[in-house]
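# Structural characterization, general
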Amino acid sequence: MTVSTPVKATVVGYGLKLSILTVVALLCVSCTNGSSFKTQTSTENKQTKAAPKNGEVESQKENKKKIVTDDPSLKINFDQISAAVSKAKTSSYKIYSVKVGATQRAKRKLFIQKGEKTDRIPIAFSFQILENKNGVTLVDTGFISEKMKAKWKVVDYRNPVAALAALGIAPDRVSNIVITHRHWDHVGGLTLFPKAKVWMPKKEFKTALKKFGSKFPVITSSLENAEKEGRMRWTKRIEEVLPGVVVVRQGLHTRNFQYVVVKNKNGIWVLASDVGGLYENFDGPVASGQTLNPRGSVEALRNIAKLVDNDLSRVVPSHDPEVFERFPQVEPGVALITDN
């Protein structure tokens, strides 16, 4: 009996040790699972926070941009555009394209989707003039910013007013300005024409004020003054803003970008601005490197080509130096697109 008691005690003690070890092991497993759960939950939360906004999806990783998929402009089709142009009045505008300056080493990828990062190309900076017996309308304005001239290494610069003067057009004769989009090289000369009505989408106007702010005070103040003086005219998605001049909000170069269709007696002309900044964009077609939706950009290029029956001699890009080779120059840097 004296031997059995210690044995029992030893067995009981051994069992107790096992139980304690088992509990500790279970607790460790529980802690590990809890840590894993927290890690998983944290990862899921990060993924949820990183999810794109409603109506946007991430593009290819190398692009690191977001593609807009919910914009109404993506639903615009050729029949709608064609119908609006058909209903528009037939006018007789002389159309000019005016080169404000040029740069020899622009990044090709800004103008051609998936262009090589190292590729550099020459481009022109231009705006267009529509002139008839009723007055002068500009499509965009050129620019005057010394800071951007230096940044882009602009050569052969010409002040927009000087370019107009070569055609005998004084600034106060400009009665209307159609702004295709808010970028500095398209709206940067607005202050030079303080009497003109300004046609642009209201949302594009608000975005311009928000983006420019104190960075481009001249542009900001010129837009604010136009609104205060009652000169702003808000454009619709497809609209005849002036006789024979139709704006089409399609292409998503900016969120509310619009190109211009002119219905002349001698046919349809399209001032493509930056949805087709180069003639090369129409080969394929190939979207601009600066677009919020490449497919939407390509669709706009196709619609433009259809409007002119695939005759690209009736299309005026805003950045292609070839414009000033394909069309006769009435003054250095001023191309006559049509004299109808």
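Residues numbered from 1 in each chain as written. Predicted model: local features only at pLDDT ≥ 70, side-chain atom pairs only at ≥ 80, totals over all residues. Heavy atoms only, no water.

## Considering the sheet that holds strand β7 (residues 197-200)
- Taken in spatial order, the eight strands of this open sheet run β8-β7-β6-β5-β4-β3-β15-β14, and their pairing is mixed. Of all strands in the sheet, those bounded by a partner on one side alone are β8 (232-234) and β14 (329-331). Across the sheet, the axes of successive neighbouring strands diverge by a mean angle of 30°, strand direction being ignored.
- The pairing of strand β4 (residues 120-132) with strand β5 (residues 135-139) spans five bridges and is antiparallel. Within β5, the position partnered with Gln128 by the bridge is Val139.
- Set on the sheet, helix α7 (residues 217-228) makes contact with β7 and β8; between it and β8 the angle comes to about 85°. (Pairing = 2+ DSSP bridges. Helix = DSSP H or I, 4+ residues; strand = E, 2+ residues; numbered from the N terminus. Axes fitted to C-alpha atoms, helices over the stretch in contact; angles between N-to-C directions. Contact = heavy atoms within 4.5 Å.)

## Here's the deal with the side chain of Ser73
- Looking at the element boundaries, Ser73 is found in the loop between β2 (66-68) and α2 (78-87).
- Here Ser73 falls in the buried class, since its relative accessible area comes to 4%.
- Setting aside anything within four residues of it in sequence, one finds Ser73 in contact with Arg237, Arg249, Gln250 and Leu252. (Buried < 20%, exposed > 50% of the residue type's maximum accessible area, 1.4 Å probe, protein only.)

## Comments concerning empty space enclosed by the protein
- Throughout the structure, instances matching the rule amount to one cavity of 30 Å³ or more.
- Contributing to the lining of the largest cavity are Leu110, Phe111, His253, Asp274, Gly277, Asn281, Ser288, Gln290 and His319. (1 Å grid on protein atoms, 1.4 Å probe; cavity = no way out; pocket = protein on both sides within 12 Å on 5 of 7 lines; lining within 4 Å. Points joined across faces, edges and corners; volume = space filled by probe spheres on them.)

## A closer look at the layout of surface pockets
- The volume enclosed by the largest pocket comes to roughly 760 Å³.
- Around the largest pocket, the lining is made up of 26 residues, and of these Arg182, His183, Trp184, Thr254 and Gln290 lie nearest the centre.
- No other element matches helix α6 (residues 202-212), which puts four residues into the lining of the largest pocket.
- Looking at the lining of the largest pocket residue by residue, the class counts come to nine nonpolar, eight polar and nine charged. (Nonpolar A, V, L, I, M, F, W, Y, C, P; charged D, E, K, R; others polar.)

## Some thoughts on a positive patch on the surface
- A contiguous patch of positive charge on the surface is contributed by Arg105, Lys107, Lys109, Lys117, Arg120 and Lys153.
- Relative to the helices and strands, Arg120 is located in strand β4.
- Of the residues examined, Arg120 reaches a relative accessible area of 31% and is grouped as partly exposed. (Patch = residues over 30% accessible without salt bridge, like charges linked within 9 Å, V, L, I, M, F, W, Y side chains within 5 Å. Areas by Shrake-Rupley, 256 points an atom, 1.4 Å probe, with all protein chains shown as cover. Salt bridge = Lys/Arg side-chain N within 4 Å of Asp/Glu carboxyl O. Lys, Arg positive; Asp, Glu negative; His and termini not counted. Charge placed at Lys NZ, Arg CZ, Asp CG, Glu CD.)

## Remarks on the nonpolar core
- One finds Ile129, Leu138, Leu164, Val174, Ile177 and Leu223 to be the most contacted residues of the largest nonpolar core, which totals 40 residues.
- Counting residues in each nonpolar core, the second largest holds 22 residues, with Ala124, Val241, Val262 and Ala335 among its members. (Core = buried A, V, L, I, M, F, W, Y, C linked by side-chain atoms within 4.5 Å.)

## Structural notes on the sheet that holds strand β12 (residues 267-273)
- With respect to topology, five strands assemble into an open sheet ordered β9-β10-β11-β12-β13, the strand pairing being mixed. Sheet topology places β9 (238-242) and β13 (315-317) at the edges, where each strand pairs with a single neighbour. Adjacent strand axes in the sheet meet at a mean angle of 25°, parallel and antiparallel pairs treated alike.
- In the packing of helix α8 (residues 294-307) onto the sheet, the strands contacted are β11 (259-264), β12 and β13, and the crossing angle to β11 comes to about 5°.

## Description of α8
- Its 14 residues give α8 an end-to-end C-alpha distance of 20 Å, which sits within 8% of 20 Å, the value for a rise of 1.5 Å per residue.
- Among the residues of α8, those classed as buried are Gly296, Ser297, Val298, Ala300, Leu301, Asn303, Ile304, Ala305 and Leu307.
- Against α2, β11, β12 and β13 lie the buried residues of α8.
- Of the residues that open α8, the one with a side-chain oxygen 3.1 Å from the backbone nitrogen of Arg295 is Asn293. (Expected span 1.5 Å × (residues − 1). Polar contact = N/O pair within 3.5 Å; in protein donor to acceptor, adjacent residues only side chain to side chain.)

These figures capture arrangement, not role.
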